[in-house]
Amino acid sequence: LAVDRERLVREALAGRAKPLAGLTPPAGILTPDRLLHPFFAPYPHDPGRARALWGAAGAGGKTIRLGAFGKLAAAGERVAADLRAALGVEVELSVF
């Protein structure tokens, strides 16, 4: 909800990826025709809802720590920027 996955893929990954519904694809959907199956669709980008859920969880004032490997530093920066904007939180990004 907080991260604009379409923009992340377009800007930080040069369009060379597909938005997933989680950190890793579920087993058995690795073929291109199944990657975009509606059952596995990512949540829509909705910063307002993300902020509401973050507040309802009582997570205000927390710091989010992210890590990214060198070649994915731009993706890490994009995710960090979206989290800061949507949730109003401090994000610490470490690039390895």
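For clarity, every value in this text was computed on a predicted model and none was experimentally measured.

The rules behind the values
Residues numbered from 1 in each chain as written. Predicted model: local features only at pLDDT ≥ 70, side-chain atom pairs only at ≥ 80, totals over all residues. Heavy atoms only, no water. Salt bridge = Lys/Arg side-chain N within 4 Å of Asp/Glu carboxyl O. Helix = DSSP H or I, 4+ residues; strand = E, 2+ residues; numbered from the N terminus. Buried < 20%, exposed > 50% of the residue type's maximum accessible area, 1.4 Å probe, protein only.

Which residues make up the pattern of salt bridges, and what are the values?
Summed over the entire model, instances satisfying the criterion amount to four salt bridges. The salt bridge involving R78 is made with E11; its shortest N-O contact spans 3.8 Å. Here E11 lies in helix α1 (residues 5-12) and R78 lies in helix α4 (residues 73-87), a separation of 67 residues in the sequence. Looking at E11, the relative accessible area reads 49%, which means it is partly exposed. Among the salt bridges present, the one from R65 reaches E92, with a minimum N-O distance of 3.2 Å. Here E92 lies in strand β2 (residues 90-95) and R65 lies in strand β1 (residues 63-68), a separation of 27 residues in the sequence. Exposure remark for R65: the relative accessible area of 63% places this residue in the exposed category.

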